[in-house]
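For reference, the chains in residue letters:
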Amino acid sequence: MSRPEAPVEPVEPIIPVEADPAVKVPLAIEDWLAVILLAVLALITFMNVLVRYFTDQSFAWTEEISVFLLIVLTMAGGSVAFVRNHHIRIEILADNGSPRRQYIMALISNSCVLAFFLLLTVLSVKLVTDEFVYEETSPAIGVPTWWYSIWLPVMAAAISLRTVGTIRRLVRNGVKDAA
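- The name an unreviewed UniProt entry assigns to the protein is TRAP transporter small permease protein, from the organism Achromobacter pestifer.
- Recorded in UniProt for the protein, the comment headed Sequence similarities (unreviewed entry) runs: "Belongs to the TRAP transporter small permease family."
- For the protein, the Function (unreviewed entry) comment in UniProt is given as "Part of the tripartite ATP-independent periplasmic (TRAP) transport system."

Below is the structure:
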């Protein structure tokens, strides 16, 4: 004899799920990039653990590749965090006050983010150029270091473009969007 199942009531999520803002370039690009990078990182790390466990040796290249993957993963996550407004901020300043004050704070914070990532883009291009010109190689594998470094200006430029889009949406929607 089976027991009748009690009806299950829907549970409200603790954190409300917000819809992504309307963007021209889909955020799924960075989302999938992050998923793929995390999966590759987990696979490489797991392989290294197994090899170390069974052979008391370690792959020398795993740390180098892992650091590279973590940098790109962080930049991809940062890109969508700025668009979805999930970045680190001082909420007592950013989320309190009148809608006009919130609007001004959003413009100031996004402008600072844009300035930082534009500067990071320019300086990291110089870094990559120097690594290419002076033919620097990585210590573990011996490949050119610019193979790793080239992704820093690319991802910093992507964050800059995402931030420009956020500022454009803020300006277009005005004070009503800040609340």
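After presenting the structure, the write-up continues.
Concerning the pattern of salt bridges
- One pass over the structure, following the stated rule, counts four salt bridges.
- Aspartate 20 is the partner of arginine 84 in a salt bridge, and the nearest nitrogen-oxygen pair spans 2.8 Å. In this pair, arginine 84 sits in the loop between helix H2 (61-83) and helix H3 (91-94) while aspartate 20 sits in the segment before helix H1 (28-55), placing the two residues 64 residues apart along the sequence.
- Each of the salt bridges in this network shares a partner with another, and the network as a whole consists of Asp20, Asp31 and Arg84.

Structural notes on the nonpolar core
- By size, the foremost hydrophobic cluster in this structure holds eleven residues: Ala34, Leu37, Leu41, Ile44, Ile65, Phe68, Leu69, Val72, Leu73, Val143 and Tyr148.
- Elements with a contribution of two residues or more to this core: H1 and H2.
- Broken down by element, this core gets its largest block of residues, five residues, from H2.
- Apart from the residues lying within four places of it in its own chain, the contact partners of leucine 37 are Leu69, Val72 and Leu73.
- Judged by nonpolar contacts, the second largest core, of eight residues, contains Ala76, Phe82, Phe117 and Met155.

Quick word on the UniProt feature "transmembrane region" (unreviewed entry) in the protein
- The positions UniProt marks with the feature "transmembrane region" (unreviewed entry) are residues 32-53, 65-83, 103-125 and 145-164.
- Span residues 145-164 is 90% helix and 0% strand, its end C-alpha atoms 30 Å apart.

Quick look at helix H6 (residues 151-173)
- Counted at 1.5 Å a residue, the expected span for H6 with its 23 residues is 33 Å, and the 33 Å between its end C-alpha atoms agrees.
- Those residues of H6 lying buried are Pro153, Met155, Ala156, Ile159, Ser160, Arg162, Thr163, Gly165, Thr166, Ile167, Arg169 and Leu170.
- Residues of H6 that are buried sit in contact with H1, H2, helix H4 (99-133) and helix H5 (146-149).

Brief notes about the packing of aromatic side chains
- Tallied over the entire structure, the rule returns seven aromatic pairs.
- Aromatic side chains phenylalanine 68 and tyrosine 148 sit 5.4 Å apart centroid to centroid with 40° between the ring planes, which places their arrangement in the tilted category. In this pair, phenylalanine 68 is assigned in helix H2 and tyrosine 148 in helix H5, connecting sequence segments 80 residues apart. The burial state of phenylalanine 68 is the same as that of tyrosine 148; both residues are buried.
- Taken together, a centroid distance of 4.9 Å and an interplanar angle of 85° make the contact between phenylalanine 116 and phenylalanine 117 edge-to-face.

About the thresholds
- Residues numbered from 1 in each chain as written.
- Predicted model: local features only at pLDDT ≥ 70, side-chain atom pairs only at ≥ 80, totals over all residues.
- Heavy atoms only, no water.
- UniProt positions renumbered as here; feature names shortened; annotations may be inferred.
- Salt bridge = Lys/Arg side-chain N within 4 Å of Asp/Glu carboxyl O.
- Helix = DSSP H or I, 4+ residues; strand = E, 2+ residues; numbered from the N terminus.
- Core = buried A, V, L, I, M, F, W, Y, C linked by side-chain atoms within 4.5 Å.
- Buried < 20%, exposed > 50% of the residue type's maximum accessible area, 1.4 Å probe, protein only.
- Contact = heavy atoms within 4.5 Å.
- Expected span 1.5 Å × (residues − 1).
- Phe/Tyr/Trp six-rings, centres within 6.5 Å; stacked < 30°, edge-to-face > 60°.

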